[in-house]
Amino acid sequence: MSTTTTGEEPMAQAAARLRTSGMRVTAQRMAMLMAISESAGHLDADALRERAQRVTGSLSLQAAYNVLRALTDAGLVRCTQIPGHPARYETDHHDNHHHFVCRRCGAIRDVECTVGAAPCLEAHLPAEYDIQEAAVTFWGLCPDCRAATPAS
Ligand SMILES: [Zn+2]
Ligand SMILES: [Zn+2]
C-alpha cells in the first residue's frame, strides 16, 4: 500500500469539479473527492469513508455510499465491481482502462486499454444490441505475491 501524497487535491479544486458537474458543493462530497484523488485509486467505500472523516468528522457508511453514488452518477468517480471484492472507486478519467487483480492479496492495478475507446472488444451479438462498454478483469499474481510463492 503506497502512502504517497502526490496528486493531493486542494479543497477549492474539489469544489470547482463539483460545480462544473452541476453538483451542489457539500463538505462530504469535497472530502470524498479529495480522499479519492489522494489515494492511488481503487479503495473501497469503507477505506474512503475513513479518509473523508478526517475532513468531515464522523461519516456513516451509508452516507459514504450515498456520496459515492452521487459522484459516480455525475461522472466524477468511476466505480469498479470485481467479483468477490467490495466495489472500488477511483477518479474517473474516462480512459476506458481495465484492471488486474491479484488472486492472493487482492491488489488492483490499472491496465491500459489497448484500443483506448469503449467498447474495446468485438462482441458476437446481433446488431440490435447497443454495446456501450466492455470491462475486462485480468486475474493472476502481483509481483510481491509471485515472489513469495515458492518456485515449483
Ligand atoms: Zn498480490
Ligand atoms: Zn482503475
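Rules behind the numbers
Residues numbered from 1 in each chain as written. Chains lettered and ligands numbered in written order. Predicted model: local features only at pLDDT ≥ 70, side-chain atom pairs only at ≥ 80, totals over all residues. Heavy atoms only, no water. Helix = DSSP H or I, 4+ residues; strand = E, 2+ residues; numbered from the N terminus. Buried < 20%, exposed > 50% of the residue type's maximum accessible area, 1.4 Å probe, protein only. Contact = heavy atoms within 4.5 Å. Areas by Shrake-Rupley, 256 points an atom, 1.4 Å probe, with all protein chains shown as cover. Lys, Arg positive; Asp, Glu negative; His and termini not counted. Charge placed at Lys NZ, Arg CZ, Asp CG, Glu CD. Salt bridge = Lys/Arg side-chain N within 4 Å of Asp/Glu carboxyl O. Pairing = 2+ DSSP bridges. Axes fitted to C-alpha atoms, helices over the stretch in contact; angles between N-to-C directions. Donors = N, O, S within 2.8 Å, 3.2 Å for Na, K, Ca; no water. Tetrahedral: all angles 85-135°; square planar, octahedral: opposite > 155°, others 65-115°. Core = buried A, V, L, I, M, F, W, Y, C linked by side-chain atoms within 4.5 Å.

K.L.:
I keep staring at the overall build of the chain and nothing clicks. Help me out?
P.N.:
A count of helices and strands for the chain gives five helices and six strands. Scanning the chain from its N terminus toward the C terminus, one meets helices and strands in the order α-α-β-α-α-β-β-β-β-β-α. Dimensions of the chain, computed from C-alpha atoms along their principal axes, come out at roughly 50 × 50 × 25 Å. The burial tally for the chain puts 36% of its 152 residues in the buried class. Intrachain contacts of the chain at a sequence separation of at least 6 include 46% that bridge at least 24 residues. Carbon and sulfur atoms form 50% of the exposed surface of the chain, whose accessible area is close to 9,600 Å². Averaging the locations of the 14 positively and 17 negatively charged side chains of the chain gives two centres separated by 7 Å.

K.L.:
Help me understand the pattern of salt bridges in this model?
P.N.:
Pairs can form between side chains of opposite charge whenever their charged atoms are close. Here the structure, examined in full by the defined rule, presents two salt bridges. D46 is the salt-bridge partner of R49, the closest N and O atoms lying 3.0 Å from each other. In this pair, R49 and D46 are both assigned in helix α3 (residues 45-56), three residues apart and thus about one turn of the helix distant. Judged by its relative accessible area of 34%, D46 falls in the partly exposed class.

K.L.:
I tried to follow the sheet that holds strand β4 (residues 98-102) on my own but got confused; where do I start?
P.N.:
Within a beta sheet, neighbouring strands are joined by backbone hydrogen bonds and run either parallel or antiparallel to one another. Pairing is mixed across the open sheet formed by three strands, whose spatial order is β5-β4-β6. Edge positions in the sheet fall to β5 (108-111) and β6 (137-140), since each has one partner strand and no second. Ignoring strand direction, the axes of neighbouring strands in this sheet form an average angle of 25°. Here β4 pairs with β6 via four bridges, running parallel. If you follow V101 over to β6, its bridge partner there is W139.

K.L.:
Would you take a moment to explain the coordination of the zinc ion (ligand 2) for this structure?
P.N.:
In a perfect tetrahedron of four donors around a metal, the angles come out at 109.5 degrees. In a perfect octahedron of six, they are 90 or 180 degrees. Here the zinc ion (ligand 2) is held by the protein donor atoms H42 (NE2), E90 (OE), E90 (OE), H97 (NE2), H99 (NE2) and D110 (OD), which lie 2.0 to 2.4 Å from it. Its six donor atoms give the zinc ion (ligand 2) angles of 56 to 168° at the centre, a pattern that matches the irregular case. Here the donor residues for the zinc ion (ligand 2) map to a single chain with the spacing H-x47-E-x6-H-x1-H-x10-D. With H97 in the loop between β3 (88-91) and β4 and D110 in strand β5, this pair connects stretches of sequence that are 13 residues apart.

K.L.:
How do you make sense of the coordination of the zinc ion (ligand 1) when you look at a structure like this?
P.N.:
Around the zinc ion (ligand 1), the protein supplies C102 (SG), C105 (SG), C142 (SG) and C145 (SG) as donor atoms, at distances of 2.2 to 2.3 Å. Each of the four donor atoms around the zinc ion (ligand 1) contributes to a set of angles spanning 104 to 113°, which defines the coordination as tetrahedral. Here the donor residues for the zinc ion (ligand 1) map to a single chain with the spacing C-x2-C-x36-C-x2-C. Pair noted here: C105 is in the loop between β4 and β5 and C145 is in helix α5 (residues 143-148), with a separation of 40 residues, a long-range link. C105 sits in the partly exposed class, given a relative accessible area of 47%. C145 sits in the buried class, given a relative accessible area of 10%.

K.L.:
Even after reading the chapter, I still don't get the nonpolar core, so can you show me in this structure?
P.N.:
Ranked by size, the top nonpolar core spans 25 residues in total, and within it M32, L48, L71 and Y89 carry the most contacts. Every element with two or more residues in this core is listed here: α1 (11-20), α2 (27-38), α3 and α4 (61-73). At seven residues, the largest contribution of residues to this core is made by α2. Once residues within four sequence positions are removed from consideration, L48 is found in contact with M32, A35, I36, L43, L68 and Y89.

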